[in-house]
Each structure stands twice: as structure tokens, then as C-alpha cells.
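Residues per chain, in single letters:
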Amino acid sequence: AQSVSQHNHHVILSEAASLELGCNYSYGGTVNLFWYVQYPGQHLQLLLKYFSGDPLVKGIKGFEAEFIKSKFSFNLRKPSVQWSDTAEYFCAVNERQAGTALIFGKGTTLSVSS
Amino acid sequence: ETGVTQTPRHLVMGMTNKKSLKCEQHLGHNAMYWYKQSAKKPLELMFVYSLEERVENNSVPSRFSPECPNSSHLFLHLHTLQPEDSALYLCASSQGGGMAEAFFGQGTRLTVV
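For the structure given in this document, a descriptive report is provided here.

1. Concerning the interface of chain B and chain A
Taken together, the contact pairs 22 residues of chain B with 23 residues of chain A. Our enumeration of links across chain B and chain A arrives at one salt bridge. Note that Lys 49 of chain A is salt-bridged to Glu 101 of chain B, the shortest N-O span being 3.9 Å. At the boundary of chain B with chain A, the tally comes to three residue pairs in polar contact (both at pLDDT 80 or more). Elements represented by at least two residues in the side of chain B that touches chain A include exactly β4 (31-37), β5 (44-50) and β9 (87-94) of chain B. The element that contributes the greatest number of residues to the side of chain B that touches chain A is β4 of chain B, accounting for three residues. Within the side of chain B that touches chain A, the residues separate by chemical class into 12 nonpolar, six polar and four charged.

2. What about the side chain of His 73 of chain B?
Residues and elements named next belong to chain B. Assignment of secondary structure puts His 73 in strand β8 (residues 73-79). Among the polar contacts made by the side chain of His 73, one reaches the side chain of Glu 24 at a distance of 3.4 Å. Within the structure, the side chain of His 73 is placed 2.9 Å from the side chain of Asn 70, a separation counted as a polar contact. In this view, His 73 contacts Lys 22, Cys 23, Glu 24, Met 32, Glu 67 and Cys 68; residues no more than four positions away in its chain are not counted.

3. A word on the sheet that holds strand β1 (residues 4-7) of chain B
Picture the strands of a sheet paired through backbone hydrogen bonds; they go either parallel or antiparallel. Residue and element names in this part refer to chain B. In space, the four strands of this open sheet follow the order β1-β3-β8-β7, with antiparallel pairing throughout. Lying at the two open borders of the sheet, with one neighbouring strand each, are β1 and β7 (64-70). For this sheet, the mean angle separating the axes of adjacent strands, direction not counted, is 20 degrees. Sheet topology places β1 next to strand β3 (residues 18-25); four bridges connect them, and they run antiparallel. Bridged to Thr 7 within β3 is Lys 22.

4. A look at the nonpolar core
Judged by nonpolar contacts, the single largest core of 28 residues is most densely connected at Trp 35, Leu 48, Phe 74, Leu 76 and Tyr 89 of chain A. Among the secondary structure elements, those contributing two or more residues to this core are β2 (10-14), β3 (19-21), β5 (31-38), β6 (44-50), β8 (64-68), β9 (73-78), β10 (87-95) and β12 (108-113) of chain A.

5. Details of the pattern of salt bridges
Here the structure, examined in full by the defined rule, presents seven salt bridges over all chains. Put simply, Lys 78 of chain A and Asp 85 of chain A hold a salt bridge, and the shortest N to O gap is 2.9 Å. Under the relative-accessibility criterion, Lys 78 of chain A is labelled buried at 6%. Note that Arg 63 of chain B and Asp 85 of chain B form a salt bridge whose closest N and O atoms lie 2.7 Å from each other. Of this pair, Arg 63 of chain B sits in the loop between β6 (53-57) and β7 while Asp 85 of chain B sits in the loop between β8 and β9, and the two are 22 residues apart along the sequence. On the basis of relative accessibility, which here comes to 2%, the residue Asp 85 of chain B falls in the buried class.

6. Here we look at the pairing of β8 of chain A
All names here are of chain A. Pairing of strand β7 (residues 56-58) with β8, which is carried by three bridges, proceeds in the antiparallel orientation. Following the sheet pairing, Lys 58 is matched in β8 by Glu 64. Hairpin remark: β8 followed by β9, antiparallel, with four residues in the connecting loop; positive phi at Phe 72, about 50 degrees.

7. What about the state of the cysteines?
Counted by the stated rule, this structure contains two disulfides over all chains. With a sulfur-sulfur separation of 1.9 Å, Cys 23 of chain A is cross-linked through a disulfide to Cys 91 of chain A. Looking down the S-S bond of the Cys 23 of chain A and Cys 91 of chain A bridge, the torsion is -70 degrees, so its handedness is left-handed. Here Cys 91 of chain A lies in strand β10 and Cys 23 of chain A lies in the loop between β3 and β4 (24-26), a separation of 68 residues in the sequence. There is no split in this pair, since Cys 23 of chain A and Cys 91 of chain A are both buried. Here Cys 23 of chain B engages in a disulfide with Cys 91 of chain B; their sulfurs sit 1.9 Å apart. Measuring handedness by torsion sign, the sulfur bridge of Cys 23 of chain B and Cys 91 of chain B sits at about -75 degrees and is left-handed. Within this pair, whereas Cys 23 of chain B is found in strand β3, its partner Cys 91 of chain B is found in strand β9, the two being separated by 68 residues in sequence. For the pair shown, Cys 23 of chain B and Cys 91 of chain B are each scored as buried. Unpaired in this structure, Cys 68 of chain B has its nearest cysteine sulfur neighbour in Cys 91 of chain B, at a distance of 9.1 Å. Using a relative accessible area of 11% as the deciding quantity, one classes Cys 68 of chain B as buried.

Analysis parameters
Residues numbered from 1 in each chain as written. Chains lettered and ligands numbered in written order. Predicted model: local features only at pLDDT ≥ 70, side-chain atom pairs only at ≥ 80, totals over all residues. Heavy atoms only, no water. Contact = heavy atoms within 4.5 Å. Salt bridge = Lys/Arg side-chain N within 4 Å of Asp/Glu carboxyl O. Polar contact = N/O pair within 3.5 Å; in protein donor to acceptor, adjacent residues only side chain to side chain. Helix = DSSP H or I, 4+ residues; strand = E, 2+ residues; numbered from the N terminus. Nonpolar A, V, L, I, M, F, W, Y, C, P; charged D, E, K, R; others polar. Pairing = 2+ DSSP bridges. Axes fitted to C-alpha atoms, helices over the stretch in contact; angles between N-to-C directions. Core = buried A, V, L, I, M, F, W, Y, C linked by side-chain atoms within 4.5 Å. Buried < 20%, exposed > 50% of the residue type's maximum accessible area, 1.4 Å probe, protein only. Disulfide = S-S within 2.5 Å.

This is the structure in C-alpha cells:
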């Protein structure tokens, strides 16, 4: 069965610090990869996604993620965080061929202090 | 506003009650999903409907009963729930499966007392 691991449960940063959130998945086939964000009191929304092609994908609000197939990883990065990035971040994967529903990690809470 | 609307936003129910959660999507999508979000746990996929047919049921107890009367509406009927069922229940929709981005509603915060 597919699974997604997010290693950091809670990350605390100061504004302007760089961010990297880890995500690893376990699945041997071809997958699509996603990062979703949930701001306090709001719905889950898509940050970025990887289907194929350039393994470095750019999303909204200055976020990017790099797919490293050999490491089964899809880490999220941002060079300089802002207070408004305080939110919960979820990595998700689904199986491309079968078109299955998204499987999510436990999420990482990011707290940014100004 | 995501195009996926869930009602009610909050629900408190006793263990002997019967209630229903409603989800409506205005995006023209053909797949809808129920997820359960509990503290410190991954979002758990509960049910998947594609073209109004249930295609996945992730070993969910029978006290949760989904219904998809058409491609725009999805219900989750609840009866004789347990306190551990208290969670945020999220509805999502997508156009197709594997390549599609899922759009989520704001969820129903359920408390079972």
C-alpha cells in the first residue's frame, strides 16, 4: 500500500529564514506528487504538483519542490518565509496509471514568527 | 471559495443520533471524495465516487454511509457514532482521477458526545 511520510511535525522559523519540509513516499510505480497547504481556518488548497518532466516544480507564493526519484522524495522549499506562511503543509501522492485518490502524509505545522 | 461547499460547518451529535453531512461541488467534476482529518494523523481517505458510483471504500465502519445522488452532490450519513469519530470531515472533488488536482471544501467539524 502507498504511504507518505512527513518527517517534521512542527517547524518554527523566523521571518526570512529558509524552509525545507521533507516528504518521502513508498510506492514502486509511477506517481503524481502534490503539496497542499491549509491556512488557519481555511480549506486545503494546492501549492504545487508534479506529474512529469522537470523534477523541480514551482508553485504559488514562492514555493518550489524537487522530485528525486531515487530517494522517493518530494521536498518542499522556500528561500525566505513570511509570517503569512504560517499554516499546515501536507504532502500527497496518487498512482498515475490507476488514477487513485490522493494519499496524504500527517502534515507539518509551520509557525513563522515576525 | 473553492467551488466545494460543505454543510453544516459544525455538528455536535449524541451517540444515538442520526445526522447527515452534505457536500456540493460547482466545478463540473466527475469524482468526489470523503476524507477524515484527525489531530496528528494523516488525512484518511474514506470513500471515492466516480461518475456517481462508489469505487473505493477504505474499510470504513458501517456507521458511516455515503450517498452520491448525482455528480454534484455527496452525502455522508451518520448513525450510532462513537466519540473517537469526532474529527474534521472533508469533501473533495476532481475531474477524473490520477492526473487531476483535488479541490477541497472547508470541512464539517464533527463532535460526538
